[in-house]
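Below, each chain spelled out in residue letters.
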Amino acid sequence: MHYDSENRTLPHNPLKALVAPRPIGWISAMDRTGAVNLAPYSYFNLVAAGPDMVMFSSSGRKDAMTFAEEGGEFVCNVATFDLREAVNATSAPLPRGQSEFAHAGLTPAPSRKVRPPRVAESPAAVECKWLQTVPLTPLDGSDASHFLVIGQVVSIYIDDRFIRDGLVDTGAMRPILRGGAFDYFTAESETRFELRRPKGGGG
């Protein structure tokens, strides 16, 4: 079969099931008044190294994006299987300024180099300084309805329980990953394997 925006033969966009599973950035950010927002974004990833940079994409100008712009900082908390209900609860459309931390029963913990707090219950958090927001203008030139938020990593918190022989045991954290429609997956240590790139390999 073939699928495109003019030929919607499936109930859900299959692209989200094909570019998957996607990591979830659980973004905490603080606005200029000190109000804190916490929300999960499945359009999230590492985009550069040396210096390290991450991105998340917002559909519309939502609080995580505007708070990151106003405060100039944000934190990417690792969303795990054990925290899945709390992660989902923080996606609720609360009024601006109402605490998602309190709504989901989570504990804000001080970050090291940025003002927004990290999620104390999360096993890892990536502290970022906001760099820029890029409007994603479509081919037809119409106004952007999606925005790419890019931040530079300035500090990383990792629970010592998940460091083994000097390496992070990602699978032991059981991070949750987004698939298509309503599907989620977990990364597990049991399925981990190692591959070494050929010399000169990229990516």
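As the structure is a prediction and not an experimental result, all values here were calculated from the model. (Residues numbered from 1 in each chain as written. Predicted model: local features only at pLDDT ≥ 70, side-chain atom pairs only at ≥ 80, totals over all residues. Heavy atoms only, no water.)

Visitor: Can you walk me through the overall build of the protein chain in this structure?
Guide: Looking only at helices and strands, the protein chain features five helices and 14 strands. Against the globule reference of 17 Å for 203 residues, the protein chain gives a C-alpha radius of gyration of 18 Å, in line with a compact fold. Principal axes of the C-alpha set define a box for the protein chain whose edges measure 50 × 45 × 35 Å. Expressed as a percentage of its 203 residues, the buried residues of the protein chain come to 36%. Considering only intrachain contacts with a sequence separation of at least 6, the fraction spanning at least 24 residues in the protein chain is 57%. Within the structure as shown, the protein chain displays about 12100 Å² of accessible surface, and the carbon and sulfur contribution to it stands at 55%. (Helix = DSSP H or I, 4+ residues; strand = E, 2+ residues; numbered from the N terminus. Rg over C-alpha atoms; globule rule 2.2 N^0.38 Å. Buried < 20%, exposed > 50% of the residue type's maximum accessible area, 1.4 Å probe, protein only. Contact = heavy atoms within 4.5 Å. Areas by Shrake-Rupley, 256 points an atom, 1.4 Å probe, with all protein chains shown as cover.)

Visitor: Could you clarify how one ought to interpret the environment of Val 149 in this entry?
Guide: Secondary-structure assignment places Val 149 in strand S10 (residues 146-158). Note on Val 149: relative accessible area 0%, which makes it buried.

Visitor: Help me understand the pattern of salt bridges in this model?
Guide: Pairing of side chains with opposite charge becomes possible as their charged atoms draw close. Tallied over the full model, the rule gives nine salt bridges. Between Asp 31 and Arg 96 there is a salt bridge; the shortest N-O distance is 3.1 Å. Linking Asp 31 in the loop between strand S2 (25-30) and strand S3 (36-41) with Arg 96 in the loop between helix H3 (84-89) and helix H4 (100-104), this pair joins segments that are 65 residues apart in sequence. Owing to a relative accessible area of 3%, Asp 31 belongs among the buried residues under this scheme. On the basis of relative accessibility, which here comes to 47%, the residue Arg 96 falls in the partly exposed class. The partner of Arg 196 in a salt bridge is Glu 194, and the shortest N-O contact between them spans 2.9 Å. Judged on exposure class, the residue Arg 196 and its partner Glu 194 are both exposed. (Salt bridge = Lys/Arg side-chain N within 4 Å of Asp/Glu carboxyl O.)

Visitor: Sorry, what's going on with the pairing of S3 here?
Guide: Side-chain direction in a regular strand flips from residue to residue, so the side chains alternate between the two faces of the sheet. As defined by bridge partners, S2 adjoins S3 across six bridges and the pair is classed as antiparallel. Bridged to Met 30 within S3 is Val 36. (Pairing = 2+ DSSP bridges.)

Visitor: How do you make sense of the packing of aromatic side chains when you look at a structure like this?
Guide: Centre-to-centre distance and the angle between the planes together describe a pair of aromatic rings. According to the stated counting rule, one finds two aromatic pairs in the structure shown. Seen from their ring centres, Tyr 41 and Phe 56 are 4.9 Å apart, and the 50° between their planes marks the pair as tilted. Highlighted residues: Tyr 41 in strand S3 and Phe 56 in strand S5 (residues 53-59), separated in sequence by 15 residues. Geometrically, the ring pair formed by Phe 56 and Phe 74 is edge-to-face, given 5.3 Å between the ring centres and 80° between the ring planes. Within this pair, whereas Phe 56 is found in strand S5, its partner Phe 74 is found in strand S6 (residues 73-78), the two being separated by 18 residues in sequence. Under the relative-accessibility criterion, Phe 56 is labelled buried at 0%. Exposure remark for Phe 74: the relative accessible area of 0% places this residue in the buried category. Following the ring pairs from residue to residue traces out a cluster consisting of Tyr 41, Phe 56 and Phe 74. Sitting over the face of the ring of Phe 147, Arg 61 holds its NZ or CZ atom 5.5 Å from the ring centroid. Over the aromatic face of Tyr 157 sits the side chain of Arg 118, whose NZ or CZ is 3.7 Å from the ring centroid. (Phe/Tyr/Trp six-rings, centres within 6.5 Å; stacked < 30°, edge-to-face > 60°. Lys NZ or Arg CZ within 6 Å of the ring centre and 35° of its normal.)

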